[in-house]
Amino acid sequence: LEVLAEPLAAAVGRMRGQPDPRPGLQLQEGGPESLDVSCPSSFASPAAGVEAQDALMYNLHYVDRAQGGMCDRPKGMWKNISAGPATRCKYLAISRLFHLRAGHRVLNLGAACGHHLHLLALESGVRGVGVELLPSNVAWARSRFGGDIEALCVADAVQATSTSKLGFLPNASFEAVVSNAMLRELPPQSQCAIVRSSVRLLAPGGCAWFGWLGDSKVEVHGKLFVKWLPTSFWSLPGCLSSTGNSAGRGSVHGIGFDFTTVSDVALFGAVEYEDTIGASLYSLLMCREVA
């Protein structure tokens, strides 16, 4: 990150319409003094014995780890303990890149056990809202971090971020939306829907980061397959733009934004499972226009 700090900060600055980002990437001030986030009272969470071909919205291994009490262990919801430090590094790096500070409102999609949202709250003083699919993870996080995190909700990320009656996240209420290794568990259309909805949730000048991208879940004739999702996917018509490039400018709900993709290894210098799958994965960065 140190090597790429200046060009990346400049890129984020350009996304925000700032000619000189180096003095500090200042977000447009404003927005609600308190976050009006009311978690849904009920949610049809996945059952432990669900068949693999139906598991489009989550990973069976993830469910098993939650049931095995992995929130209490150093590696958390990751399979290997070595992934933990890399994930921590990534969240802290994004906090620096976005210049998060006390009072900024951060939405974490796929919050798992709440460790990384809590880390941002402690390190930067942000006001965090987490959305997580598994009730056991949310219950664990609330019991440990409830006083430091503004809201932890059990919900499906596609529904939570949508404009339908199932959506409960207020417009233009977050300076940052962050998510790591969640989108890859979803079908391509669901990944695109979440990213597009994030534009609406960002405050003017706010930025989003989606990390560990590159895979998607696809159901074919009742069977579940993992399919590679190239960076060009985000520029397909109906997603972020129609240029066919891995970076560019788009508009959703009449809101303009800029986006770019970058290799996780190049961006952070550390990535989960770098010797195997992590070496080929990437991040999507996007910022809503300031005005």
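### A closer look at the overall build of the protein chain
(1) Moving on: Assigned secondary structure in the protein chain consists of 8 helices and 10 strands.
(2) Moving on: Looking at the 291 residues of the protein chain, the share that counts as buried comes to 53%.
(3) Moving on: Across the protein chain, contacts joining residues at least 24 apart in sequence account for 68% of those joining residues at least 6 apart.
(4) Moving on: For the protein chain, the accessible surface area stands at approximately 12,400 Å², while carbon and sulfur atoms represent 53% of it.

### Concerning the pattern of salt bridges
(1) Moving on: Applying the stated rule across the entire model yields 10 salt bridges.
(2) Moving on: Note that Lys90 and Asp264 form a salt bridge whose closest N and O atoms lie 3.0 Å from each other. Of this pair, Lys90 sits in helix H3 (residues 83–97) while Asp264 sits in helix H8 (residues 264–268), placing them 174 residues apart in sequence. Residue Lys90 shares its accessibility class with Asp264, and that shared class is buried.
(3) Moving on: The residue Asp215 makes a salt bridge to Arg184 at a minimum N-O spacing of 2.4 Å. One end of the pair, Asp215, is in strand S6 (residues 215–220); the other, Arg184, is in the loop between strand S4 (174–180) and helix H7 (188–201), and 31 residues separate them in sequence. A single burial state applies to Asp215 and to Arg184, both of which are buried.
(4) Moving on: Residues participating in the shared-partner salt-bridge network are Arg184, Glu185, Asp215 and Lys217.

### So, the packing of aromatic side chains
(1) Moving on: Scanning the entire structure with this criterion turns up 9 aromatic pairs.
(2) Moving on: Consider the rings of Phe257 and Phe259, whose centres lie 6.2 Å apart with planes at 45°: the pair is tilted. For the pair shown, Phe257 and Phe259 are each scored as buried.
(3) Moving on: These aromatic residues form a ring-pair network of at least three members: Trp78, Trp212 and Tyr273.

### Some details on the pairing of strand S3 (residues 151–154)
(1) Moving on: With burial as the criterion, each face of S3 is covered, one bearing Ala151 and Cys153 and the other bearing Leu152 and Val154.
(2) Moving on: On the question of chirality, the crossover connecting strand S2 (residues 127–132) to the parallel S3 by way of helix H5 (residues 135–145) is right-handed.

### A short note on the side chain of Arg184
(1) Moving on: Looking at Arg184, the relative accessible area reads 11%, which means it is buried.
(2) Moving on: For Arg184, the contacting residues outside a window of four places in its chain are Gln191, Trp212, Asp215, Ser216, Lys217, Ile277 and Leu281.

### Considerations on the environment of Tyr62
(1) Moving on: Tracing the chain through its elements places Tyr62 in helix H2 (residues 60–67).
(2) Moving on: Residues Tyr62 and Lys79, spaced 17 residues apart in sequence, show a C-alpha to C-alpha distance of 8.8 Å.
(3) Moving on: Setting aside anything within four residues of it in sequence, one finds Tyr62 in contact with Met77, Ala112, Glu132, Leu134 and Asn137.
(4) Moving on: In terms of polar contacts, Tyr62 uses its side chain to reach the side chain of Asn137, at 3.4 Å.

The rules behind these values
Residues numbered from 1 in each chain as written. Predicted model: local features only at pLDDT ≥ 70, side-chain atom pairs only at ≥ 80, totals over all residues. Heavy atoms only, no water. Helix = DSSP H or I, 4+ residues; strand = E, 2+ residues; numbered from the N terminus. Buried < 20%, exposed > 50% of the residue type's maximum accessible area, 1.4 Å probe, protein only. Contact = heavy atoms within 4.5 Å. Areas by Shrake-Rupley, 256 points an atom, 1.4 Å probe, with all protein chains shown as cover. Salt bridge = Lys/Arg side-chain N within 4 Å of Asp/Glu carboxyl O. Phe/Tyr/Trp six-rings, centres within 6.5 Å; stacked < 30°, edge-to-face > 60°. Right-handed = clockwise from strand over helix to strand, strands pointing away. Polar contact = N/O pair within 3.5 Å; in protein donor to acceptor, adjacent residues only side chain to side chain.

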